[in-house]
Amino acid sequence: MMNGIILICLYGPESTGKSTIAKLLAEKYQTEFVPEVAREMLITNDFTVEDIIQIGHAHHNRIQEKLKTADKILFCDTDAITTQIYSQHYLNVIPDVLYELEERVNYDYYFLMDIDVPWIADGLRDLGDRREEMFAIFKHELDKRNIEYAIISGEPDSRIQQIDTIIRNKFFSGI
């Protein structure tokens, strides 16, 4: 918990429903969510190390802002590990500051979104032909850090139900 708020990360490769589900869960729990800040800052996948560092800081700052107004739980669309993965993929380097930013935010639980939903191109997404590989990379990063997570699959309504059940059992079972 950060500031008494349960921090949930919706995590995984592109086009797996993280943004939609973060918003819907925030509505369901009458709280806040942190959008994927990179989408607000990038118009192409042609970016620099300086850009990726800015994204990392902006995402961290948005979390800190939303913690002030969240009610009991905060849903975050991606995290610093995600920024590291895409930095490695597109730039072949991970700036040290991204690891520092990762250490500053401790999520209470991760939900790894499966790739069993249709991939939708949107101008930034360009890894539709590498979904299995990217899913494996995302999973590996959680496993090597010994981070607890659940893989969430199925249609959006099913995903929300799965997440809701885990959250209620894990964090609100005594309430």
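Refer to the preceding data block for the structure.
The model shown is predicted, which means the values in this text are computed figures rather than measured ones.

(A) Examining the overall build of the chain more closely. Looking only at helices and strands, one finds seven helices and five strands in the chain. For the chain, the sequential pattern of α-helices and β-strands runs β-α-β-α-α-β-α-α-β-α-β-α. Taken over 175 residues, the chain has a buried fraction of 47%. A fraction of 78% describes how many contacts in the chain between residues 6 or more apart in sequence connect residues 24 or more apart. Within the structure as shown, the chain displays about 8700 Å² of accessible surface, and the carbon and sulfur contribution to it stands at 49%.

(B) Structural context of the sheet that holds strand S1 (residues 6–11). If you trace the five strands from one edge of the open sheet to the other, you get S2-S3-S1-S4-S5, paired in parallel fashion. Both outer strands of the open sheet, strand S2 (32–34) and strand S5 (149–152), are each paired with one neighbouring strand and no more. Sheet twist, expressed as the mean angle between neighbouring strand axes with direction ignored, is 25 degrees. As paired elements, S2 and strand S3 (residues 73–77) share three bridges and run parallel to each other. Following the sheet pairing, Glu32 is matched in S3 by Leu74. Its contacts with the sheet put helix H3 (residues 49–67) on S1, S2 and S3, and the angle it makes with S2 is roughly 175 degrees. Contacting S1, strand S4 (109–113) and S5, helix H6 (residues 131–144) runs over the sheet at an angle of about 165 degrees to S4.

(C) Seen up close, the packing of aromatic side chains. Throughout the structure, instances matching the rule amount to eight aromatic pairs. Among the aromatic residues, ring-to-ring pairing joins Tyr11, Tyr86, Tyr90, Tyr107, Tyr110 and Phe138 into one connected group.

(D) Expanded view of the packing of H3 against helix H5 (residues 96–104). With their axes 10 Å apart at the nearest point, H3 and H5 run at an angle of 10 degrees to one another. Here H3 lies roughly parallel to H5, going by the angle between them. Only Val97, Leu98, Leu101 and Arg104 of H5 make contact with H3, whose side of the interface consists of Ile52, Ile53, Gly56, His57 and His60. Looking at side-chain class alone, the contact of H3 with H5 contains five nonpolar, three polar and one charged residues.

Conventions we followed
- Residues numbered from 1 in each chain as written.
- Predicted model: local features only at pLDDT ≥ 70, side-chain atom pairs only at ≥ 80, totals over all residues.
- Heavy atoms only, no water.
- Helix = DSSP H or I, 4+ residues; strand = E, 2+ residues; numbered from the N terminus.
- Buried < 20%, exposed > 50% of the residue type's maximum accessible area, 1.4 Å probe, protein only.
- Contact = heavy atoms within 4.5 Å.
- Areas by Shrake-Rupley, 256 points an atom, 1.4 Å probe, with all protein chains shown as cover.
- Pairing = 2+ DSSP bridges.
- Axes fitted to C-alpha atoms, helices over the stretch in contact; angles between N-to-C directions.
- Phe/Tyr/Trp six-rings, centres within 6.5 Å; stacked < 30°, edge-to-face > 60°.
- Parallel < 35°, antiparallel > 145°, perpendicular 65-115°, else oblique.
- Nonpolar A, V, L, I, M, F, W, Y, C, P; charged D, E, K, R; others polar.

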